[in-house]
Amino acid sequence: MKYFVLFLIAVPFIKLSAQKYIPFDCDDFNFNVESSTNTSIRFINQSDYLSSLKDTVILPEKPLIKENEKLYTEFQKKFPNKISTHCIQAKTFSRGEISEISYCSQRQNIFLITKEKNFYIFKLNAFEVDDFLLFNEDDETIYFTENYPLILDEGKIIFDIGHSYPGKQIINYYQFEDKKVKYASIDLPFDYRITKYNIVKYSNYKVITELTRHQLKETSPNYFEKDKDVFCKKFMIIN
């Protein structure tokens, strides 16, 4: 397993306008990477960003998040008691390790939404938890995502892009090759938001994202709001 903390310098896409604000530095950009595989992360300019969009992969539509009772009945017949409304008794994948867990909690609610490729997708609701459980019927293991998963290439790669508790933004993925699972977890700076993202494919899949950071301005004593006119914008490619 590889752990990285990167401190990168990039040229801001938009120059800050002159007005009263608490100073912040567009050039400083740091994020954390945890990965079991070689992960390339680099900044690109707007021209390269726009050029790359021509190879964008059409992503599957996100289904309505509601319980699929018929599919749940099917799942229980094939994998009895692995996942139920309040209980999990199965193998789980976390940070490169697979372990068996068995626990129940009345404070959590789990329901089956749909099935994509070889993954049954469950929704987990609990205190300060709003995750998805992906049960892989091939290895009978649960994989976790914090956003609705993007399952591509016949289930060989899964992307988890968007929000993460307690307010940061993430770009994560699982890659399945020859019964091995590679993964990468990228935590973006708290003050940057994923404005847009696309997944493109050349020889492999890449995530191309537009990131925006707004200056905070004090609108009343001890109360701050984003200044829509003062911001940094960066473009990043990950593969």
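Throughout, residues of each chain are indexed from 1 in the direction in which the sequence is written. Selection of residues for local features in this predicted model requires a pLDDT of at least 70, selection of side-chain atom pairs for listing and counting requires 80 or more, and totals for whole chains, interfaces and linings are taken over all residues. Side-chain numbers come from the whole structure's heavy atoms, not from hydrogens or water.

Participant: How do you make sense of the pairing of strand β11 (residues 157-164) when you look at a structure like this?
Facilitator: Working note: regular strand, side chains alternate between the two faces of the sheet. When accessible area is computed with a 1.4 Å probe and restricted to protein chains, residues below 20% of their type maximum are described as buried, those above 50% as exposed, and intermediate ones as partly exposed. Runs of H or I in DSSP of at least four residues are treated as helices and runs of E of at least two as strands, each being numbered from the N terminus. Burial of β11 is extensive: seven of the eight residues sit out of reach of the surface. Criterion used throughout: strands pair if DSSP finds at least two bridges between them. Where strand β10 (residues 150-152) lies against β11, three bridges are found, and the strand directions are antiparallel. Across the sheet, residue Leu150 finds its bridge partner in β11, namely Phe159. As defined by bridge partners, β11 adjoins strand β12 (residues 168-177) across eight bridges and the pair is classed as antiparallel. If you follow Ile157 over to β12, its bridge partner there is Gln175.

Participant: Honestly, the state of the cysteines in this entry has me stumped. Any pointers?
Facilitator: One covalent bond between the sulfur atoms of two cysteine residues makes up a disulfide. Cysteine sulfur atoms that pair up within 2.5 Å are treated as a disulfide. Under the criterion given, the structure shown has one disulfide. There is a disulfide in this structure between Cys87 and Cys104, and the S-S distance comes to 2.0 Å. Across the S-S bond of Cys87 and Cys104 the torsion is about 115°, and the bridge reads as right-handed. Of the two residues, Cys87 is situated in strand β4 (residues 87-94) and Cys104 in strand β5 (residues 97-104); the sequence distance between them amounts to 17 residues. Residue Cys87 is classed as buried on the basis of its relative accessible area of 15%.

Participant: Honestly, the layout of surface pockets in this entry has me stumped. Any pointers?
Facilitator: Grid points spaced at 1 Å and placed over the protein atoms alone form the basis of the search, with a cavity being a set where a 1.4 Å probe fits but cannot get out and a pocket an open set showing protein on both sides within 12 Å along at least five of seven lines. Lining residues have an atom within 4 Å of a point. Grid points are joined across faces, edges and corners, and a volume is the space filled by probe spheres set on the points. Space inside the largest pocket adds up to approximately 590 Å³. Taken together, 23 residues make up the lining of the largest pocket; nearest its centre are Arg95, Glu146, Asn172, Tyr174 and Ser185. Elements supplying a minimum of two residues to the lining of the largest pocket: β1 (2-9), β2 (28-35), β4, β9 (141-145), β11, β12 and β13 (180-187). Per-element tally for the lining of the largest pocket: the top contributor is β12, with five residues. Residue classes follow a fixed rule: Ala, Val, Leu, Ile, Met, Phe, Trp, Tyr, Cys and Pro count as nonpolar, while Asp, Glu, Lys and Arg count as charged, and any other residue, Gly among them, counts as polar. Residues belonging to the lining of the largest pocket are distributed by class as follows: 10 nonpolar, six polar and seven charged.

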